[in-house]
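Geometric and topological summary
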Amino acid sequence: KPAPALAFTDAAGKTLSLSDVKGRLIAVHFWATWCTPCVAELPQVDAAAQAYGPKGFTVVAISLDDDGSMGKVKQFMAAHHITHLTPYLDSNASSFQAVQSPGLPTTVFIAGGREIARGEGPLDWEDPAVRKFIAAQLK
């Protein structure tokens, strides 16, 4: 199905959309600093961005923390050694609502402007099936 229209804010306060994101495979990853499963999963998401980024994989890590929380999100990422993800905010949760997911974390995989898969709840990014899926999309 077509990817939903998403808007999110970068660290400079600029509003971006999926059309601003480059990559053969895009993972839109919704999370929050207050979400325990998100905190546990985020290092694996970061590792996947590092491993597959050079091959055309882009992770858009969108925090659902409150408006004005970019400093908190950046501090959280630094404290947890998250170095391969760019922080974004969806402070009014409009993009999260657009993907119609029941909860956090949620990852929506997009290729060619279409949603091709999603993970609702934490994914095991080290699982061979997840790695195989990502690698297959990047061929």
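The notes below deal with the structure included here. Everything numeric here is computed off the predicted structure, so don't read it as measured data.

The rules behind these values
Residues numbered from 1 in each chain as written. Predicted model: local features only at pLDDT ≥ 70, side-chain atom pairs only at ≥ 80, totals over all residues. Heavy atoms only, no water. Helix = DSSP H or I, 4+ residues; strand = E, 2+ residues; numbered from the N terminus. Rg over C-alpha atoms; globule rule 2.2 N^0.38 Å. Salt bridge = Lys/Arg side-chain N within 4 Å of Asp/Glu carboxyl O. Buried < 20%, exposed > 50% of the residue type's maximum accessible area, 1.4 Å probe, protein only. Expected span 1.5 Å × (residues − 1). Bend = angle between axes of the 7 residues up to and from the residue. Contact = heavy atoms within 4.5 Å. Core = buried A, V, L, I, M, F, W, Y, C linked by side-chain atoms within 4.5 Å.

The next point concerns the overall build of the chain. Looking only at helices and strands, the chain features 4 helices and 7 strands. In the chain, the succession of helices and strands from N to C terminus is β-β-β-α-β-α-β-α-β-β-α. Against the 2.2 N^0.38 benchmark of 14 Å for 139 residues, the chain shows a C-alpha radius of gyration of 14 Å, consistent with a compact globule. Across its three principal directions, the C-alpha atoms of the chain cover 40 × 30 × 30 Å.

Moving on to the pattern of salt bridges. Per the stated rule, a full pass over the model turns up 4 salt bridges. The closest approach of N and O atoms between K1 and E115, which form a salt bridge, is 4.0 Å. Highlighted residues: K1 in the segment before β1 (7-9) and E115 in strand β7 (residues 114-120), separated in sequence by 114 residues. A relative accessible area of 53% means that K1 is categorised as exposed. By relative accessible area, which is 12% here, E115 ends up buried. With a closest N to O distance of 3.9 Å, D65 and K72 form a salt bridge. Judged by its relative accessible area of 2%, D65 is buried. Judged by its relative accessible area of 46%, K72 is partly exposed. Each of the salt bridges in this network shares a partner with another, and the network as a whole consists of K1, E115, R118 and E120.

Compared with an ideal rise of 1.5 Å per residue, which puts 17 residues at 24 Å, helix α1 (residues 36-52) spans 25 Å between its outermost C-alpha atoms and is within 8% of the ideal. Where α1 bends most, the angle comes to about 35 degrees, and this point is L42, followed within four residues by the proline P43. Listing the buried residues of α1 in full gives C38, E41, L42, Q44, V45, D46, A48, A49 and Y52. Each element contacted by the buried residues of α1 is listed here: β3 (25-31), β4 (57-63), α2 (70-79) and α4 (128-137).

The amide bond that connects L104 to the next residue, P105, takes the cis arrangement and shows omega of -15 degrees. A positive phi is found at H81, a non-glycine position, where the angle reads about 60 degrees. Topologically, H81 is positioned in the loop between α2 and β5 (87-89). A positive phi angle, near 60 degrees, is found at A93, a position not held by glycine. Here A93 is to be found in the loop between β5 and α3 (94-98).

Moving on, we come to the nonpolar core. Ranked by size, the top nonpolar core spans 44 residues in total, and within it F30, F57, L85, W125 and I134 carry the most contacts. Among the elements of the structure, β3, α1, β4, α2, β5, β6 (106-111) and α4 are those that each provide at least two residues to this core. In contact with F57, not counting residues within four places along its chain, are L25, A27, A48, A49, Y52, F109, W125, I134 and L138.

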